[in-house]
Amino acid sequence: MPSHEARPTIHIPGTTSHTIAPRTGGHPREGTLRYLKAGTGAPLVLLHTVRTQAEHFRSLIPLISDRYTVYALDLPGMGYSEIVPGASYDEPAMRAGVVRLLTELDLDDVTLVGESMGAVLALTTAAELPERVRRVVAVNTYDFPGGIARSSLLARLVVGAVLAPGVGPVVAGVEPRPVLGRILRGGLGDKSALRADYVDELLQVGGRPGYATVARAVYQSLPSLVAARSRYPGIKAPVHLVYGEKDWSRPSDRAADKELLPAADFVQVPGAGHFIALERPDVLADLLNAVA
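Residues numbered from 1 in each chain as written. Predicted model: local features only at pLDDT ≥ 70, side-chain atom pairs only at ≥ 80, totals over all residues. Heavy atoms only, no water.

1. Looking at the overall build of the protein chain
Link 1 in the chain: The secondary structure content of the protein chain amounts to twelve helices and eight strands.
Link 2 in the chain: In summary, the protein chain has a C-alpha radius of gyration of 17 Å against a globular reference of 19 Å for 292 residues, a match within 12%.
Link 3 in the chain: With respect to the principal axes defined by its C-alpha atoms, the protein chain has extents near 45 × 45 × 35 Å.
Link 4 in the chain: Burial analysis of the protein chain (292 residues in total) assigns 54% to the buried set. (Helix = DSSP H or I, 4+ residues; strand = E, 2+ residues; numbered from the N terminus. Rg over C-alpha atoms; globule rule 2.2 N^0.38 Å. Buried < 20%, exposed > 50% of the residue type's maximum accessible area, 1.4 Å probe, protein only.)

2. Considering the pairing of strand 7 (residues 239–244)
Link 1 in the chain: For strand 7, the tally of buried residues reaches six of six residues, placing the bulk of the element in the interior.
Link 2 in the chain: Neither face of strand 7 is open: one carries Val239, Leu241 and Tyr243, the other His240, Val242 and Gly244, and all of them are buried.
Link 3 in the chain: Across five bridges, strand 7 lies against strand 8 (residues 265–269) in parallel orientation. Residue pairing in the sheet places histidine 240 in a bridge with aspartate 265 of strand 8.
Link 4 in the chain: Chirality of the crossover, the property in question, places the unit of strand 7, helix 10 (residues 251–260) and strand 8 among those that are right-handed. (Pairing = 2+ DSSP bridges. Right-handed = clockwise from strand over helix to strand, strands pointing away.)

3. A closer look at the sheet that holds strand 8
Link 1 in the chain: Overall, mixed pairing links the eight strands, which are arranged 1-2-4-3-5-6-7-8 in an open sheet. Taken across any chain shown, the strands that pair with only one partner, and hence form the sheet edges, are strand 1 (16–20) and strand 8. The average undirected angle you get between the axes of adjacent strands in this sheet is 20 degrees.
Link 2 in the chain: Set on the sheet, helix 2 (residues 91–104) makes contact with strand 1, strand 2 (33–39), strand 3 (42–47), strand 4 (68–73), strand 5 (110–115) and strand 6 (133–139); between it and strand 4 the angle comes to about 145 degrees.
Link 3 in the chain: In the packing of helix 10 onto the sheet, the strands contacted are strand 7 and strand 8, and the crossing angle to strand 7 comes to about 175 degrees. (Axes fitted to C-alpha atoms, helices over the stretch in contact; angles between N-to-C directions. Contact = heavy atoms within 4.5 Å.)

4. A look at the pairing of strand 6
Link 1 in the chain: Burial of strand 6 is extensive: six of the seven residues sit out of reach of the surface.
Link 2 in the chain: By the bridge criterion, six bridges tie strand 5 to strand 6 in an arrangement that is parallel. Note that in strand 6 the partner of valine 113 across the bridge is valine 137.
Link 3 in the chain: Viewed along the sheet, the connection from strand 5 through helix 3 (residues 117–128) into strand 6 turns out right-handed.
Link 4 in the chain: Here four bridges tie strand 6 to strand 7, and the two strands are oriented parallel to one another. When the sheet's bridge partners are listed, valine 136 is paired in strand 7 with valine 239.

5. Considering the side chain of threonine 111
Link 1 in the chain: Take threonine 111: it is sitting in strand 5.
Link 2 in the chain: Among residues more than four places away in sequence, those in contact with threonine 111 are Pro43, Leu44, Val45, Tyr68, Arg134, Arg135 and Leu288.

6. Examining the packing of helix 6 (residues 177–185) against helix 7 (residues 196–206)
Link 1 in the chain: For the pair helix 6 and helix 7, the least separation of the axes is 11 Å and the interaxial angle reads 115 degrees. Helix-helix and strand crossings are classified by hand; for helix 6 and helix 7 the assignment is right-handed. Facing Arg177, Leu180 and Leu184 of helix 6, the residues of helix 7 in contact are Ala196, Val199, Asp200, Leu202 and Leu203.
Link 2 in the chain: Of the residues belonging to the contact of helix 6 with helix 7, the class tally is six nonpolar, no polar and two charged. (Left-handed = near helix turned anticlockwise from the far one by under 90°. Nonpolar A, V, L, I, M, F, W, Y, C, P; charged D, E, K, R; others polar.)

7. With respect to the environment of alanine 138
Link 1 in the chain: Relative to the elements of secondary structure, alanine 138 occurs in strand 6.
Link 2 in the chain: Sequence spacing of alanine 138 and leucine 36 is 102 residues, and the spatial spacing of their C-alpha atoms is 20 Å.
Link 3 in the chain: Beyond its immediate sequence surroundings of up to four residues, alanine 138 is in contact with Gly114, Ala119, Leu123, His240, Leu241 and Val242.

8. A closer look at the pattern of salt bridges
Link 1 in the chain: Overall, the coordinates contain 15 salt bridges when judged by the stated rule.
Link 2 in the chain: Between arginine 132 and aspartate 108 there is a salt bridge, with its nearest N and O atoms 3.4 Å apart. Here arginine 132, found in the loop between helix 3 and strand 6, pairs with aspartate 108, found in the loop between helix 2 and strand 5; they are 24 residues apart in sequence, far enough to count as distant.
Link 3 in the chain: Overall, arginine 132 belongs to the buried group, its relative accessible area being 14%. (Salt bridge = Lys/Arg side-chain N within 4 Å of Asp/Glu carboxyl O.)

9. With respect to a positive patch on the surface
Link 1 in the chain: On the surface, a cluster of positive charge is made up of Arg182, Arg185, Lys191 and Lys246.
Link 2 in the chain: Among the structural elements, arginine 182 can be located in helix 6. (Patch = residues over 30% accessible without salt bridge, like charges linked within 9 Å, V, L, I, M, F, W, Y side chains within 5 Å. Areas by Shrake-Rupley, 256 points an atom, 1.4 Å probe, with all protein chains shown as cover. Lys, Arg positive; Asp, Glu negative; His and termini not counted. Charge placed at Lys NZ, Arg CZ, Asp CG, Glu CD.)

10. Some points on the packing of helix 4 (residues 153–163) against helix 8 (residues 211–220)
Each pair of packed helices gets described by two things: the angle between the helix axes and the distance between those axes.
Link 1 in the chain: Two numbers describe how helix 4 lies on helix 8: the axes approach to 9 Å, and their chain directions differ by 105 degrees. As the angle between them shows, helix 4 and helix 8 are arranged roughly perpendicular. Where helix 4 abuts helix 8, its residues Val159, Val162 and Leu163 lie against Arg216, Tyr219 and Gln220.
Link 2 in the chain: Here the residues of the contact of helix 4 with helix 8 are counted per class, giving four nonpolar, one polar and one charged. (Parallel < 35°, antiparallel > 145°, perpendicular 65-115°, else oblique.)

This is the structure we're talking about:
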């Protein structure tokens, strides 16, 4: 992370921050990736979702770091990973960032844990690197049309404006704190799980030069996340599908993924919404520690 850039305002005890440099030759639009590392044991990789970052897992990491060596990745262009002009943020490009983490660090016997968009990337990475992936925990997979726009009227209006031709780039660069807070709380059953300092951190990251372009491109990439479902049948590792009872996905969306992954375990978390890592990290920790 270049020294002139903003630093995270949240520190997760026991974690250290690291970077992965772009590969040389033939990869002109790759940027530096930032990740957090903690703990000891078999490797476990955490993958966040749209408009969030590695600190999304601040409450989960301490609960699992005595069983796993945890790597929490800032996906390309997000958090404190480098923003590269002209880079793609569709599913294959985002998955390439996850693949870089596993291959550059030479991680084997990996448990991949992703929430929302990160859940899709965990599943598709497992299909691409079956020799490296031991298990997948996919939390509220974000692989259905509409996505966050289903959470509330405000979210529909904001996302629609961000995606609109002409005004979209302008809207993407304007992010009032009350609006961001309300949209994020729309993904929670327990609204109090959204901490003020986390919103502050997200707003700081949202002020990075070029971040508005990234945010808009990620929302534009939703069709590629839906299309990525075609890769699920190629997964060899055991899969746990975890859904919040109040997640934005519909029963038909969940059934469709269960049909593609018939051997997967299925867990529904009562009362929880889309961001289970924020409101029920204990449920995820119990699952992960039980299979460590």
